[in-house]
Amino acid sequence: MKRFLVTASILAASVSFASAADVMAVAEPPAGFVWSGGYVGVQAGYAWGDADDDFPPSPVAEIDGDIDGGLVGIYGGWNWQFNQVVAGIEADVNYSGIEGTSTNVFDFSATTELNWNGAVRGRLGYAFDQILIYAAGGVAFGDIDVDLFDGGGTFATASETKVGWTVGAGADIAFSANLIGRAEYRYTDYGEVDYTEPGGDGSIDVDTHTVALGLAYKF
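What you are looking at is a predicted structure, and each value in this text was computed from that prediction instead of being measured.

Asks: Got a minute to help me understand the pairing of strand β6 (residues 153-174) in this structure?
Replies: Consecutive side chains along a regular strand alternate between the two faces of the sheet. Summarising the sheet, strand β5 (residues 131-150) and β6 pair through 20 bridges and their orientation is antiparallel. When the sheet's bridge partners are listed, Tyr134 is paired in β6 with Gly170. Between β5 and β6, which pair antiparallel one after the other, the connecting turn spans two residues. Here β6 runs beside strand β7 (residues 179-197); their pairing, made up of 10 bridges, is antiparallel.

Asks: Explain the pattern of salt bridges here, please?
Replies: Two side chains bearing opposite charge may form a pair once their charged atoms approach each other closely. This model, assessed by the stated rule, comprises nine salt bridges. As a salt-bridge pair, Asp92 and Arg186 come within 3.3 Å of each other at their nearest N and O atoms. In this pair, Asp92 sits in strand β3 (residues 85-103) while Arg186 sits in strand β7, placing the two residues 94 residues apart along the sequence. Exposure class is identical for Asp92 and Arg186. Each is buried. Through salt bridges with shared partners, one network takes in Glu90, Asp92, Arg121, Arg123, Asp172, Arg182, Glu184 and Arg186.

Asks: Explain the sheet that holds strand β2 (residues 63-82) here, please?
Replies: The strands making up a sheet associate through backbone hydrogen bonding, with each pair oriented either parallel or antiparallel. Strand order in the closed barrel made by the eight strands is β1-β2-β3-β4-β5-β6-β7-β8, with antiparallel pairing throughout. The average undirected angle you get between the axes of adjacent strands in this sheet is 15°. Pairing of strand β1 (residues 37-53) with β2, which is carried by 17 bridges, proceeds in the antiparallel orientation. Across the sheet, the residue bridging to Tyr46 is Gly70, located in β2.

Asks: I would appreciate a short explanation of the side chain of Asp53 in the present structure.
Replies: Within the secondary structure, Asp53 sits in strand β1. A polar atom in the side chain of Asp53 sits 2.7 Å from the side chain of Tyr195. Here Asp53 is in contact with Glu62, Ile63, Ala110, Leu148, Tyr195, Ser203 and Ile204, once residues within four sequence places are set aside.

Asks: How should the packing of aromatic side chains be read in this particular structure?
Replies: Aromatic rings considered in pairs are described by the distance between their centres and by the relative angle of their planes. According to the stated counting rule, one finds seven aromatic pairs in the structure shown. Ring centres of Tyr217 and Phe219 lie 5.7 Å apart, and the angle between their planes is 75°; on these two criteria the pair is classed as edge-to-face. The exposure class assigned to Tyr217 is partly exposed, which follows from its relative accessible area of 43%. Look at Phe219 and you get exposed, because its relative accessible area is 60%. In this structure, Arg123 packs its charged tip against the face of Tyr134, placed 4.3 Å from the ring centre.

Calculation notes
Residues numbered from 1 in each chain as written. Predicted model: local features only at pLDDT ≥ 70, side-chain atom pairs only at ≥ 80, totals over all residues. Heavy atoms only, no water. Pairing = 2+ DSSP bridges. Helix = DSSP H or I, 4+ residues; strand = E, 2+ residues; numbered from the N terminus. Salt bridge = Lys/Arg side-chain N within 4 Å of Asp/Glu carboxyl O. Buried < 20%, exposed > 50% of the residue type's maximum accessible area, 1.4 Å probe, protein only. Axes fitted to C-alpha atoms, helices over the stretch in contact; angles between N-to-C directions. Polar contact = N/O pair within 3.5 Å; in protein donor to acceptor, adjacent residues only side chain to side chain. Contact = heavy atoms within 4.5 Å. Phe/Tyr/Trp six-rings, centres within 6.5 Å; stacked < 30°, edge-to-face > 60°. Lys NZ or Arg CZ within 6 Å of the ring centre and 35° of its normal.

As structure tokens, then:
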């Protein structure tokens, strides 16, 4: 009887340990780097784009403007990982030196300056262990100043904080459990900045292409 009870106890203990091991196996995170969690980072890049002016009152006076320059800023967000699929939300804000001056055939000129920009975007990607390839899109914001002038001086100005849209793609690379690098391309359409000058109303349509590198700390 004692031998039976000892044997039964051993078997029961074995079953309990096996069950606990099964539970622990189910609860373990997937192998490799885990992308779930929050992060904050810094970024810097270069942007170029268009600032096209439908100069009134004649279409032949339109200005096909170009803008370019650097930017530096901060970003932060949160990821949720489902096996190898990673979804997330992210926001960023950047100081910008993006600007340009262009002149039409009548020597009327337009200067466009993008002082700061930012975005709130959703992200969806696929993780290859320590590398995350993703696409992103959402709402963009930009503070834009416009000055129109000729030989007689400035004849129209405008300043607006525009709300537009942005889409892009990139790659995040985990250098360690907490340090994540980034390379990204982004297209942004800010819409039109409206102005009024003696000859009528006009607008400048602003959009940019941006390439940037970033470095983030994952919590």
